[in-house]
Amino acid sequence: MAGKHYSSGGNGANILCLPKDPEWKRYANGLNSLTSRIFGLEMDILNNNQAFGSSSNAKNMPCAVCKTSRRSAVLMVPGRMTCHSGWHKEFSGYLVAQASRTGRTATEYICADENLESVPGGDRDDNEAVLYPVEVGAVLPLKCPPYVKGRELTCAVCSQ
């Protein structure tokens, strides 16, 4: 997976699933000043955060693409580990996104499988594109309860 550097402005706001075998057309080698940039994506699990466990900290994340042969709709459901009636669970885990800090631009919220994997050799803390578990912030109109302030949100990817 890839995205913008965690501390930069501009660039794209969404996380991308990059193929292992890119194809090139015309290009200029070296970094240019007026371009957008993309970086590998790492998961940061800091302090006493319970999502995934501390052994997953600073690991680069691979992509997962859901392909179903008999289902035509795929939906990420935040705040649940099970799917609603009539839907099939592909996987469940934790909701992740860019950190909630001044100066950082938003990424999309994505569901990271609870059995988090990492890219071979992607074990350095490079602070490139970075995702963090999403916690409930107790700002109205999010109802607390049933949501609990400071608790990491789960998610499920469901198909139908």
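Conventions and cut-offs
Residues numbered from 1 in each chain as written. Predicted model: local features only at pLDDT ≥ 70, side-chain atom pairs only at ≥ 80, totals over all residues. Heavy atoms only, no water. Core = buried A, V, L, I, M, F, W, Y, C linked by side-chain atoms within 4.5 Å. Buried < 20%, exposed > 50% of the residue type's maximum accessible area, 1.4 Å probe, protein only. Salt bridge = Lys/Arg side-chain N within 4 Å of Asp/Glu carboxyl O. Helix = DSSP H or I, 4+ residues; strand = E, 2+ residues; numbered from the N terminus. Polar contact = N/O pair within 3.5 Å; in protein donor to acceptor, adjacent residues only side chain to side chain. Contact = heavy atoms within 4.5 Å.

Peer 1: Can you walk me through the nonpolar core in this structure?
Peer 2: When a protein is soluble and globular, its nonpolar side chains tend to lie buried together. Ile 15, Leu 41, Met 43, Ile 45, Ala 51, Phe 52, Met 61, Val 96, Ile 110, Ala 112, Ala 129 and Leu 131 form the largest nonpolar core, which has 12 residues in total. Counting 9 residues, the second largest nonpolar core, distinct from the first, contains Leu 95, Cys 111, Leu 153 and Cys 155.

Peer 1: Teacher, can you tell me more about the pattern of salt bridges here?
Peer 2: Once their charged atoms are close, side chains differing in charge can pair, the charge on each being opposite to the other. As enumerated under the stated definition, the model contains 1 salt bridge in all. The closest approach of N and O atoms between Asp 126 and Arg 124, which form a salt bridge, is 2.9 Å. In this structure Arg 124 comes out as exposed when scored by relative accessible area, which is 57%.

Peer 1: Help me out: how do you make sense of the side chain of Thr 154 in this one?
Peer 2: Structurally, Thr 154 can be placed in strand E8 (residues 154-159). Classification of Thr 154 as buried rests on a relative accessible area of 17%. Separated by 3.4 Å, the side chain of Thr 154 and the backbone nitrogen of Arg 80 make a polar contact. Beyond its immediate chain neighbours, meaning those up to four positions away, Thr 154 contacts Val 77, Pro 78, Gly 79, Arg 80, Met 81, Gly 93, Tyr 94 and Leu 95.

Peer 1: Sorry, what's going on with the environment of Ile 45 here?
Peer 2: Relative to the assigned elements, Ile 45 resides in the loop between strand E2 (39-43) and strand E3 (59-60). Along the primary structure Ile 45 and Ala 58 are separated by 13 residues, whereas in three dimensions their C-alpha atoms are 7.4 Å apart.

Peer 1: What am I meant to see in the environment of Asp 126 here?
Peer 2: Turning to its location among the elements, Asp 126 is positioned in the loop between strand E6 (110-113) and strand E7 (129-133). When its relative accessible area of 31% is taken as the criterion, Asp 126 is described as partly exposed. Each C-alpha atom of the pair Asp 126 and Asn 60 lies 9.3 Å from the other, and the pair is 66 residues apart in sequence. For Asp 126, the side chain forms a polar contact with the side chain of Arg 124, separated by 2.9 Å.

Honestly, that's just the spatial picture; any functional story needs more than this.
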